[in-house]
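# Summary of structural features
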Amino acid sequence: MGEPSVVTGPIAGRALVGAALAAIICAGALLARADQPAGVLNGQIYKIGNVQVPMPVGNWVLGEHQNMTNNMQAEIAEEALYSFAGSRFRAALFVYTPITASRTTYAGRRPAGWDTLAQCKGGDYYFVQADANYLGSDQDCIVVDHYSLWTDLANYLRRSRVELPSMFITVTFRLADRVNMETATYYLNPDIAGIPRSKNPQWQANDWNLKNIAKYPEKAGFIDVVKIWAQVWHDNMVKGYHDGLPDAFADSLPLPNDRPSERGQRSEQ
């Protein structure tokens with residue numbers, strides 16, 4: 001597999017190993033297809049398919065991507081972008097969206113729509129806000145959760161001599177209607193914010209476990225900051241989903257793990 005490269009224009013095709021997102025398309029498994037260019041980064045907008053994905057300030061590089069086709073005959077792009085803070089891994093962004101519309105309809109009249117995202121139904125997560133969650137129709141949801149470091153990224157970081165994150169705090173935005181769909185997940189490295197690592201790697205005893213986190217005010221406070229960031233950034237996600245961000249879009253809101261003194265607030269510059 002090739003190494004990540006700086007994204008400055010049309011993306012060169014690469015294979016994305018493994019599906020990190022839980023956005024499952026309606027009624028069927030995904031079938032891998034040959035890679036094709038899928039997106040373009042222009043300033044703070046990553047344009048892919050019919051959506052604009054707002055990019056937080058900072059340098060972002062392409063990880064890998066693959067195109068797939070579901071059994072509703074829609075071609076799906078799955079993209080991974082990475083961001084670094086000096087020699088440390090700052091964040092990842094996974095985007096999952098169709099680049100061609102489904103040609104399957106209900107009774108030949110209208111698009112079949114998309115399955116719901118399981119996380120949007122609630123459960124053992126730090127935060128879920130589901131403003132809409134209708135099967136085959138409107139979906140608008142935010143989920144704050146955690147995710148462990150996955151093997152392919154860990155191997156790349158080791159080869160690059162970059163310190164490995166022990167845990168990611170994730171923010172997933174799910175937007176859909178009868179025709180289009182987008183699932184975008186930001187993976188945030190809390191080490192960048194100076195949050196101490198858990199001394200116990202076993203999940204049941206881990207500081208980040210939802211059952212334990214209240215004992216660790218610094219981690220609980222960080223989750224609160226992530227929730228606020230997600231709710232503020234949501235407005236950009238909705239505008240981008242409807243292709244409504246201006247070409248000169250710029251938002252100085254830092255990622256929640258960027259600078260402790262500014263987390264959750266836009267820069268006054």
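Cut-offs applied
Residues numbered from 1 in each chain as written. Predicted model: local features only at pLDDT ≥ 70, side-chain atom pairs only at ≥ 80, totals over all residues. Heavy atoms only, no water. Salt bridge = Lys/Arg side-chain N within 4 Å of Asp/Glu carboxyl O. Helix = DSSP H or I, 4+ residues; strand = E, 2+ residues; numbered from the N terminus. Buried < 20%, exposed > 50% of the residue type's maximum accessible area, 1.4 Å probe, protein only. Contact = heavy atoms within 4.5 Å. Arc of directions from axis to C-beta.

Evaluated as defined, the whole model comprises seven salt bridges. Across the pair D258 and R90 runs a salt bridge, and its minimum N-O distance is 2.7 Å. With D258 in the segment after α2 (217-241) and R90 in strand β8 (residues 88-98), this pair connects stretches of sequence that are 168 residues apart. Pair check on accessibility: D258 and R90 agree, each one buried. One salt bridge connects D224 with K227, and the closest N-O pair in it is separated by 3.8 Å. Here D224 and its partner K227 are both found in helix α2, three residues apart, which amounts to about one turn of the helix. Since its relative accessible area comes to 21%, K227 is described here as partly exposed. Three or more residues joined by partner-sharing salt bridges are found here, namely E163, D191 and R197.

Attention now moves to the environment of G244. Looking at where G244 falls in the secondary structure, it is placed in the segment after α2. Beyond its immediate stretch of four places on either side in the chain, G244 contacts Q52 and K239.

A separate point is helix α1 (residues 151-159). Helical geometry: 3.6 residues make up each α-helical turn, so side chains three or four residues apart lie on a common side. Among all positions in α1, only L153, A154, Y156 and L157 are buried. Around the axis of α1, the buried residues are gathered within 165 degrees of arc, so they sit on the same side. Projecting away from the buried face of α1 at angles above 90 degrees are the exposed residues T151, R158 and R159. Turning to α1, the residues buried within the fold contact β7 (75-85), β8 and β13 (168-176). Just downstream of α1 lies R161, where phi reads positive at about 60 degrees.

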